[in-house]
Each structure stands twice: as structure tokens, then as C-alpha cells.
Amino acid sequence: MISLGLERLLQDPPPSLQGKRLGLLCNQASTDRRLRHARDLVHGRFGPRLCCLFSPQHGFFAEKQDNMIESGHMTDPVTGLPLFSLYGEVRKPTPAMLEHCDVLLVDLVDVGTRVYTFLYTLAYCMEAAAEQGKQVVVLDRPNPVGGLALEGNLLQPSCRSFVGLYPIPMRHGLTMGELALMLKGEYGLDCDLEVIPMAGWRREMLFADTGLPWVFPSPNMPTPQTALVYPGQVIWEGTNISEGRGTTLPFELFGAPFWRHDEMLAELAATPLPGCYLRPLVFEPVAGKWAGKPCVGYQLHVTDPVSFLPFRTTLALLQATARRHQEFALKSPPYEYEYEKTPIHLILGDEGLWPRLQAGEPLLELEAGWQVELDDFARRRQDYLLY
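Residues numbered from 1 in each chain as written. Predicted model: local features only at pLDDT ≥ 70, side-chain atom pairs only at ≥ 80, totals over all residues. Heavy atoms only, no water.

Now for the side chain of Gln57. Tracing the backbone through its elements, the reader meets Gln57 in the loop between strand S2 (50-55) and strand S3 (74-75). In this structure the side chain of Gln57 is engaged in a polar contact, spanning 3.3 Å, whose partner is the side chain of Tyr87. When near neighbours in sequence (up to four residues on either side) are disregarded, Gln57 contacts Asp66, Asn67, Met68, Tyr87, Thr117, Phe118 and Glu336. (Helix = DSSP H or I, 4+ residues; strand = E, 2+ residues; numbered from the N terminus. Polar contact = N/O pair within 3.5 Å; in protein donor to acceptor, adjacent residues only side chain to side chain. Contact = heavy atoms within 4.5 Å.)

Two faces, one strand: in a regular strand the side chains alternate between the faces of the sheet. Most of strand S6 (residues 135-139) sits out of view: 5 of its 5 residues are buried. Of the two faces of S6, both are covered, the one formed by Gln135, Val137 and Leu139 as well as the one formed by Val136 and Val138. Sheet analysis places strand S5 (residues 103-106) next to S6, joined by 4 bridges and oriented parallel. Within S6, the position partnered with Val106 by the bridge is Val138. Traced from S5 through helix H4 (residues 118-132) to S6, the parallel crossover comes out right-handed. (Buried < 20%, exposed > 50% of the residue type's maximum accessible area, 1.4 Å probe, protein only. Pairing = 2+ DSSP bridges. Right-handed = clockwise from strand over helix to strand, strands pointing away.)

A few words on the packing of helix H7 (residues 261-268) against helix H8 (residues 310-324). In the contact formed by H7 and H8, the axes pass within 9 Å of each other and the chain directions differ by 120°. Looking at the two axes, H7 sits oblique to H8. When the axes of H7 and H8 are compared, the crossing they make is right-handed. Note on element contacts: H8 touches H7 through Ala316, Leu317, Ala320, Thr321, Arg323 and Arg324, opposite Glu263, Met264, Glu267 and Leu268. Taken together, the residues that form the contact of H7 with H8 break down as 5 nonpolar, 1 polar and 4 charged. (Axes fitted to C-alpha atoms, helices over the stretch in contact; angles between N-to-C directions. Parallel < 35°, antiparallel > 145°, perpendicular 65-115°, else oblique. Left-handed = near helix turned anticlockwise from the far one by under 90°. Nonpolar A, V, L, I, M, F, W, Y, C, P; charged D, E, K, R; others polar.)

What follows deals with the packing of H4 against helix H5 (residues 176-187). Axis separation between H4 and H5 bottoms out at 11 Å; the angle between their running directions is 45°. Classified by the angle between their axes, H4 and H5 sit oblique to one another. Of the two elements, H4 crosses H5, and the hand of that crossing is right-handed. When H4 is examined against H5, the residues Phe118, Leu119, Leu122, Ala123 and Met126 are found in contact with a partner set consisting of Met176, Leu179, Ala180, Leu183 and Lys184.

Attention now moves to the environment of Cys101. Residue position: Cys101 is located in the loop between helix H3 (95-98) and S5. On the accessibility criterion, Cys101 (1% relative accessible area) is buried. Each C-alpha atom, one on Cys101 and one on Gly23, is 5.5 Å from the other, the two residues being 78 residues apart in sequence. Not counting chain neighbours up to four residues away, the residues in contact with Cys101 comprise Arg21, Leu22, Gly23, Cys52 and Lys134.

Ordered in space as S8-S10-S9, the 3 strands form an open sheet in which the pairing is antiparallel. If you trace the sheet from one side to the other, it starts and ends with strand S8 (253-256) and strand S9 (276-283), each paired once. Adjacent strand axes in the sheet meet at a mean angle of 30°, parallel and antiparallel pairs treated alike. Bridge count for S8 against strand S10 (residues 295-302) is 4 bridges, and the pairing is antiparallel. By the bridge assignment for S10, Gly255 is matched with Gly297.

Attention now goes to the sheet that holds S5. If you walk across this open sheet you meet the 7 strands as S3-S4-S2-S1-S5-S6-S7, and the pairing is mixed. The sheet is open, and its two borders are formed by S3 and strand S7 (192-196), each paired with just one other strand. Relative to strand S4 (residues 82-85), S2 runs parallel, the two being bridged by 3 bridges. Within the sheet, the bridge partner assigned to Ser55 lies in S4 and is Ser85. Along the sheet, H4 contacts strand S1 (22-25), S5, S6 and S7; its crossing angle with S6, the most-contacted strand, is approximately 155°.

Here you go:
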């Protein structure tokens, strides 16, 4: 049985919290194994020492559907505490916000992908804590796509944004606590940091192996299956291809009115795409791209999560789309508060990658080109592994 960092905090609070005022960064997915919310549990355990709450992108209740849909500050209706949004007028907590607490507890569900913004909310909190002399305590949780597989190129400095601040691969294989330790050790976020690790989690575990209930951390991450495909399928956000928003299977369904099934599948034949099956279908989003229009596309079925390569799979589809369909287009800025850089570059993390895909460079050659830096990341991350 796995004990979450949240549960271990409640059972045995670290001495560093003695007499300290607490803040809590969380959202509606921050629960224990019995689906009890972290806010209620921390408030029940520490009483008036819990002094404020913070929320990440999508809001405290994960109610905001899309990128750059901001949430406001509010008063928590349950505890009466101030609840500060870190995805609104600011993304980094201000000194006035942190005046309410001595220690910031961070309990967020991550999905193991470089572009998922909760990691950068954590990073900004660590930066602010270092500046303001506050402590950060990360309550660790499983990486739902496992802690072994690494995939993709490392982010280049020219592509820094709120979907990528540090040179990590698209699929990083770290928990939130391990990420925090690596941010401090490698990237200069030298705050007073403590991680409360889980007990019982193993690196080879996918979320289905944990026995824990899944609570969606953002509106379009409804299941662990979504998290499996997300390290590749998020790429469609930088294009005019529907990533399935406005359907019941976001990121698993994808397509566009101008796609043609047979031509796309023919283009993919030269690239090994293990562990998945692309099932042709037609879907009609009720919101987002191509709302109300039939989209020719696929459902991405993961048949073997261990061998599945989500980043390679979607890159192959992206390259096939660029080669086959003149109607294909890249999305224009803004994207996650970047108003000049092209979104596809921010998501891919390297301005040189898209031109090489367009030119038809084989994916296996592209992967070979970034293997050295991926191996280096794998070596460096060893110093921060907790499990």
C-alpha cells in the first residue's frame, strides 16, 4: 500500500513545522486515498496554523477549461481563509501573499510531462520562497506515467516559457518532490526545501498499479489514460488540429475536417510506433477547435504502456500532417503568456525541431541526435531520486 506525502505529513509532521504558520498550494485533486481533501485534512490537523491557500492553473476547483483562462483570488468557502490564485494577475506568489505564512506546503498532482504548468508554479513558489525567507515543503505523489521512461529532447533556452523553464525532456520520469530537489540542485532555486516522500511507491508503477483513486488535476485530464498519451498529444495545442478538447476523450481523440485516414496511416508506416493502435473515427467537438464540425481523426489506444512512446507517436503524426495536408497550420501566439514566440516551438522546446520535421528528417535520426543530452539528464537526475 502506498502512503502519500500528504498522509505521512498528517501522521508524523516534521519538526520544522513546529509552531509555524502554514500555507497550502493545492487544487481539487489534492486528496488522500479516501478522497478527503488536503485543505480539510491540514486544517483539521493544524487548525488555525493553516493561514492561507494557493491555487494553480485551472483554478482551485479545476473549473477553468483552457489555457490563459485565469482564476481570481477568493475567500475559501469552507475555512474562510484567503485563497490566492497563481494563474491570474500573477503566476509567482507576491511578498504580500507569503506574509500570511512561514511554510508553504505544496500538494499538487503532476502528470509527468515537461509542459504541464504545475511544475512551473512550484518553481515560482520556490523562487519566491528563496527571496522571502520562507520554507517550501512538497508532499510527494506518484508520477502517473511512471518513474523509469524518459523521452524527448531537452528544452532549449530560446524556448523558455510557462510551459518550459528548465532543460528537461518531455517525459521526465520524476515525481513532484524529485523535481523540486532537482530544481534546487541543478537550476539555482535555493530555497529552504523539504520533501515528504511517499512510502511504497516504486518507479516502475503506472497509476493503475498504485491502487489510488484518480482525481482529475485539470479539466482535460479526466483519466490516467489521458496522462499516458499527453506527453505527445499536447503537441496538437500548437496547431489547428483538434486535440480532442470539447469531447469526452481529450488528447485520446484528435483530428481535423481535412484529414484523410488512409493517407495519414500510409505516411506512418516507415516509423515504428510500439505499444499503441490508431483507430480511425470521426468526432465532433462541442467546444474548442472545429466546434460543431465533423473531424476525421483517430482514437489513440495504448495497448502496451511500457513500450509506448507518446512523443515519437505524435511527432510522426505531426510530420505526416505537414507532408499530406496543405490546410494544416501552426497556431499563432499568444500561448501561455508568450506573445511573440510560435506556440509549437514552446511546446517542442527547440526552435530547430519543427523545420527538421517539415523537411522530412526521419524521426529515428532526430531521436539519435538528442540521445546524448537525454543520457546526460538521466545521469544528473540520479542524485535526486527518492525511490
